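Observations on chain architecture
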Amino acid sequence: MDLQKLIVDIAKAIVDKPEYVNVTVNEDETSVVYVLNVHQDDMGLVIGKHGKIAKSIRSVVKAAAFSTHKKVTVDIR
């Protein structure tokens with residue numbers, strides 16, 4: 001499963017300006033960091049009240065990445 005595409009698809013469904021959504025990947029032997037970039041105006045939509053949307057995105061990605069045996073992190077910027 002392509003986790004980068006999964007994150008992009010989830011974020012584009014949430015934001016008002018999907019053309020600004022992109023994800024970069026930083027990977028080493030033990031971990032993978034996905035950096036989700038969205039337009040400044042959409043930050044609140046992606047984070048959600050009390051961070052609930054961001055936490056949900058991270059939970060879905062971690063569950064999808066379980067078989068990779070690497071620590072997976074999603075940073076939102």
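Just so it is clear, the model here is predicted, and its values are computed rather than measured. (Residues numbered from 1 in each chain as written. Predicted model: local features only at pLDDT ≥ 70, side-chain atom pairs only at ≥ 80, totals over all residues. Heavy atoms only, no water.)

Some thoughts on the pairing of strand β3 (residues 71-76)
Every second residue of β3 is oriented toward a common face, the buried set being Val72, Val74 and Ile76 and the non-buried set Lys71, Thr73 and Asp75. Summarising the sheet, strand β2 (residues 31-37) and β3 pair through 6 bridges and their orientation is parallel. Within the sheet, the bridge partner assigned to Val33 lies in β3 and is Thr73. (Buried < 20%, exposed > 50% of the residue type's maximum accessible area, 1.4 Å probe, protein only. Helix = DSSP H or I, 4+ residues; strand = E, 2+ residues; numbered from the N terminus. Pairing = 2+ DSSP bridges.)

Quick word on the packing of helix α1 (residues 3-14) against helix α3 (residues 52-64)
The description of two helices packed together rests on the angle between their axes and the distance between the axes. Their axes nearest at 10 Å, the elements α1 and α3 cross at an angle of 155°. Relative to α3, the element α1 lies roughly antiparallel. Judged by the twist between their axes, the crossing of α1 over α3 is right-handed. Listed contacts from α3 to Leu3, Leu6, Ile7, Ile10 and Ile14 of α1 are Ile53, Ile57, Val60, Val61 and Ala64. Looking at the contact of α1 with α3 residue by residue, the classes come out as 10 nonpolar, no polar and no charged. (Axes fitted to C-alpha atoms, helices over the stretch in contact; angles between N-to-C directions. Parallel < 35°, antiparallel > 145°, perpendicular 65-115°, else oblique. Left-handed = near helix turned anticlockwise from the far one by under 90°. Contact = heavy atoms within 4.5 Å. Nonpolar A, V, L, I, M, F, W, Y, C, P; charged D, E, K, R; others polar.)

Quick look at the sheet that holds strand β1 (residues 22-27)
The strands that make up a sheet are held in pairs by hydrogen bonds between backbone atoms, and each pair lies either parallel or antiparallel. Here we have 3 strands laid out as an open sheet, ordered β1-β2-β3, and mixed in their pairing. Of all strands in the sheet, those with a lone pairing partner are β1 and β3, marking the two edges. Going from strand to strand, the sheet's axes swing by 20° on average, the running direction of each strand aside.

Here's the deal with the nonpolar core
One finds Ile7, Val21, Tyr34, Leu36, Val46 and Val61 to be the most contacted residues of the largest nonpolar core, which totals 19 residues. Looking at this core, the elements that each hand over two or more residues are α1, β2, α3 and β3. Considering each element in turn, this core owes the most residues, 4 residues, to α1. (Core = buried A, V, L, I, M, F, W, Y, C linked by side-chain atoms within 4.5 Å.)

A few points about unusual backbone geometry
Unusually for a residue other than glycine, His50 sits at a positive phi of about 55°. Mapped onto the secondary structure, His50 falls in the loop between α2 (43-47) and α3. Under the relative-accessibility criterion, His50 is labelled exposed at 81%.

Structural notes on the side chain of Asp42
Tracing the backbone through its elements, the reader meets Asp42 in the loop between β2 and α2. Of the side chains with opposite charge, Lys17 lies nearest to the buried Asp42, which makes no salt bridge, at 6.2 Å. Setting aside residues up to four positions removed in sequence, Asp42 forms contacts with Val15, Asp16 and Lys17. (Lys, Arg positive; Asp, Glu negative; His and termini not counted. Salt bridge = Lys/Arg side-chain N within 4 Å of Asp/Glu carboxyl O.)

Brief notes about α3
Look at α3: 18 Å from first C-alpha to last across 13 residues, which is about the 18 Å you get at 1.5 Å a residue. Turning to α3, the residues buried within the fold contact α1, α2 and β3. (Expected span 1.5 Å × (residues − 1).)

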